[in-house]
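Take a look at the letters that make up each chain.
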Amino acid sequence: MAGDRTSTAPPDTQAGLDDALLTVRAAEGDEEAFAVLVRRHAGALVGLATRLLGNQVEAEDAVQDAFISAWRRLPEFRGQSSFGTWIYRIVTNRCLNVLRARKPQAALDTAPEPAAPEHTVAPDRITEARAAVGDMRQALDGLSAEQRACWVLRELDGQSYESIADTVGISQQAVRARVFRARRHLTNAMGAWR
Amino acid sequence: MTTGTHPPAAPPPDSDDELLPCGRLLSQVWAAWEDAVTDDHQRTCSHCRQAIGELEALRTSVRDLSHGTEAPDGFAAGALAHRVMDVVRLELRPGKPLPLGAPDDGMWIMESVAARTLRAAASRVPGVQASSCRIGYDDADGTGRATVSLGIQAPLSSTDLAELAENVRGQVEVAADQHLGLGIARVDIRVTDLVDVPGSTEEGHER
Amino acid sequence: MTQHAALTEALAEAVRQVPGVAFLKPGVAQRLRAAVSDTGDSGADSKASPAGLRISRSDGNGPWKIEIQIVTLAEARALDVTRAARRAVDTCLEAMVPSAAARITITVTGIV
């Protein structure tokens, strides 16, 4: 880029700035400040979305859509929370919608119990771990969108019930119920229960 | 409000819950364990302990699914950022036009463009970064001179904020004149934050 | 080529030549094309007026309305560049449509 002496602030010169500052600038139309936020948060958010969706390609799409939605909504964002918390919520909700679209809700509550994993004896630990992850992913697919999202946020992201309730937009009680059902389903699926 | 620890006699219908042989509900045993409020019964009851063991086993087996806050392997933030910014650049918010010269001259600069220059000017004062920069202009006298409202982060070590603000104002006025040619009537400066600046800008992540 | 199109092209070229002008503001169509960069320019509309320059005339004899959006170089003073662009437009108009009145606005939409 030519002539970055003083007048413009190319991405690099904003790279060290904190989120709050960049968020205000982006809200006022500074797209380069927004670009810094995108690069800073993209990795963690794709990680989150991959855990929620179980698929990195869909995860990247969801995160991309979430950022674009965030850009559109930034002028109304008044810093009630940090940018990180805000975009985390947008991504989670985007993923919830993807999960909901994946299977009709009706079919989920009556989803059959998955079969217990077959590999009771594994030749070595790596294979075993890999197989276990595969089983777990399969078992996760048997959960409803809300069960899956609540469980991932609780178990894999270590969020509090309160924060999950805020993010997903349901009561804490409802979050607890969904996490419980998810655990029930998964312990059964892992063939570990009884 | 969470419910008390003492269970009703039977699980509510359609809840997926289970009454353990010891008379406790599975959901409550798990909740107590998670909230770290297990009582004497749970610590000694074999049914409760087995139930908790299964939950712990689940937790162990999902550790491989969790990568904390790391991005998945093979993820390139740059490529995603490019795709996002391609769309963002189709939906820019440049703000309002501000007159360069007199309003009648038909020469304008978009607010967001001028703001970027003025924010950069503020950051020439050591330890200062500009956050909000709104620029308006008063058309009443026909000169169209601009009023700038600037929010800044100032270094925690500042001893004289008034002097600091004066320095920032000076930089903003010089940049408005020399880099833009934008006539400035007034620069209002608000110190929004005092920040600990270790020499330069190397912070990298939020809080 | 119509007078309108010829004038558009001549004005765009005149403004691009002004020192301190980086480019005319790329239009949505151009940026879209850049965004899906695997599709090559369809030669047909790549010659159409750049989004950074718009000419209109309310009726056949009324004043021309000319709106120009420029991106300037950071090392130049935005006002000076804009003034020079304005003079370039005036010169071009005098050469091509000497008798016509024109209302001209030039807006800086970016600094690079």
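Keep in mind that this is a model prediction, so the values were computed, not measured.

**As for the interface of chain B and chain A**
Alright, step 1. Between chain B and chain A, the residue contacts involve 63 residues of the former and 64 residues of the latter.
Alright, step 2. Both sides together, the interface formed by chain B and chain A hides about 5,900 Å², and carbon and sulfur atoms give 56% of it.
Alright, step 3. Here chain B and chain A share twelve salt bridges between them.
Alright, step 4. Scanning the region where chain B abuts chain A turns up 19 residue pairs in polar contact (both at pLDDT 80 or more).
Alright, step 5. Of all the secondary-structure elements, those providing two or more residues to the side of chain B that touches chain A are α1 (26-34), α3 (46-61), α4 (77-88), α5 (111-122) and β3 (129-137) of chain B.
Alright, step 6. With eight residues, α4(B) is the single largest residue contributor to the side of chain B that touches chain A.
Alright, step 7. Residue classes in the side of chain B that touches chain A are distributed as 22 nonpolar, 20 polar and 21 charged.

**Regarding the environment of A:Ala70**
Residues and elements named next belong to chain A.
Alright, step 1. Position of Ala70 among the secondary structure elements: in helix α4 (residues 56-73).
Alright, step 2. Assessed through its relative accessible area of 0%, Ala70 is described here as buried.
Alright, step 3. Spatially, the C-alpha atoms of Ala70 and Phe83 are 9.5 Å apart, while their sequence positions differ by 13 residues.

**Brief notes about the environment of B:Arg63**
Alright, step 1. Checked against the element boundaries, B:Arg63 lands in the loop between α3 and α4.
Alright, step 2. Between the alpha carbons of B:Arg63 and B:Glu18 there is a distance of 26 Å; along the sequence they are 45 residues apart.

**Remarks on the pattern of salt bridges**
Alright, step 1. In this structure the tally under the stated criterion is 30 salt bridges over all chains.
Alright, step 2. A:Glu146 is paired through a salt bridge with A:Arg100; the nearest N and O atoms lie 2.6 Å apart. Remark: A:Arg100 occurs in helix α5 (residues 83-102) and A:Glu146 occurs in helix α8 (residues 145-156); sequence separation between them is 46 residues.
Alright, step 3. Under the relative-accessibility criterion, A:Glu146 is labelled buried at 12%.
Alright, step 4. Judged by its relative accessible area of 33%, A:Arg100 falls in the partly exposed class.
Alright, step 5. A salt bridge links C:Glu13 to C:Arg16; its shortest N-O distance comes to 3.3 Å. Here C:Arg16 and C:Glu13 lie together in helix α1 (residues 3-16), a separation of three residues that amounts to about one turn.
Alright, step 6. Linked through salt bridges whose partners overlap, the residues forming this network are A:Glu28, A:Asp30, A:Glu31, B:Arg116 and B:Arg119.

**Focus: the domain arrangement of chain A**
Residue and element names in this part refer to chain A.
Alright, step 1. When the domains of chain A are assigned, the result is domain 1 (8-102) and domain 2 (105-194).
Alright, step 2. Facing the 13 residues of domain 1 at the interface are 13 residues of domain 2.
Alright, step 3. Buried area between domain 1 and domain 2, both sides added, is near 1,200 Å², and the carbon and sulfur share of it is 57%.
Alright, step 4. Our count for the contact surface shared by domain 1 and domain 2 stands at three salt bridges.

**Quick notes on the packing of aromatic side chains**
All names here are of chain A.
Alright, step 1. Following the criterion strictly, the structure yields six aromatic pairs over all chains and no others.
Alright, step 2. Taking 6.3 Å as the distance between ring centres and 85° as the angle between the ring planes, the aromatic pair formed by Phe34 and Phe67 counts as edge-to-face. Of this pair, Phe34 sits in helix α3 (residues 31-53) while Phe67 sits in helix α4; the two residues are 33 residues apart in sequence, bridging distant segments of the chain. For the pair Phe34 and Phe67, a shared accessibility class is recorded, and that class is buried.
Alright, step 3. Consider the rings of Phe77 and Trp86, whose centres lie 4.3 Å apart with planes at 25°: the pair is stacked.
Alright, step 4. Residue class for Phe77 comes out buried when judged on its relative accessible area of 9%.
Alright, step 5. With a relative accessible area of 12%, Trp86 lands in the buried category.
Alright, step 6. Linked through ring pairs, Phe34, Phe67 and Trp71 together constitute an aromatic cluster.

Rules used throughout
Every chain begins its residue count from 1, and numbering advances along the sequence as written. Working convention: letters from A go to chains and numbers from 1 go to ligands, in the order in which they are written. Only residues with pLDDT of at least 70 get local features here, since the model is predicted, and only at 80 or more are side-chain atom pairs given and counted; chain-wide, interface and lining totals rely on the full set of residues. Each side-chain value is derived from all of the structure's non-hydrogen atoms; neither hydrogens nor water enter the calculation. By definition in these notes, contact holds between two residues if any of their heavy atoms fall within 4.5 Å. The buried area of a pairing is the accessible area, by a 1.4 Å probe, that goes missing from both parts when the two are put together, added over both. Criterion for a salt bridge: a side-chain nitrogen of Lys or Arg within 4 Å of a carboxyl oxygen of Asp or Glu. The definition of a polar contact used here is a pair of N or O atoms within 3.5 Å, where within protein one atom must be able to donate a hydrogen and the other to accept one, and adjacent residues in sequence count solely through side-chain atom pairs. Think of it this way: any DSSP run of H or I at least four residues long counts as a helix, any run of E at least two long counts as a strand, and we number them from the N terminus. Think of it as three bins: nonpolar holds Ala, Val, Leu, Ile, Met, Phe, Trp, Tyr, Cys and Pro, charged holds Asp, Glu, Lys and Arg, and polar takes everything else, Gly as well. In this scheme, a residue with accessible area under 20% of its type's maximum is buried, one over 50% is exposed, and one in between is partly exposed, where area comes from a 1.4 Å probe on protein chains only. Reported domain spans reflect what an automatic or database domain assignment gives. Stacked, tilted and edge-to-face pairs are distinguished by plane angle, under 30 degrees for stacked and over 60 for edge-to-face with tilted covering the rest, among Phe, Tyr and Trp rings (Trp via its six-membered ring) whose centres lie within 6.5 Å.

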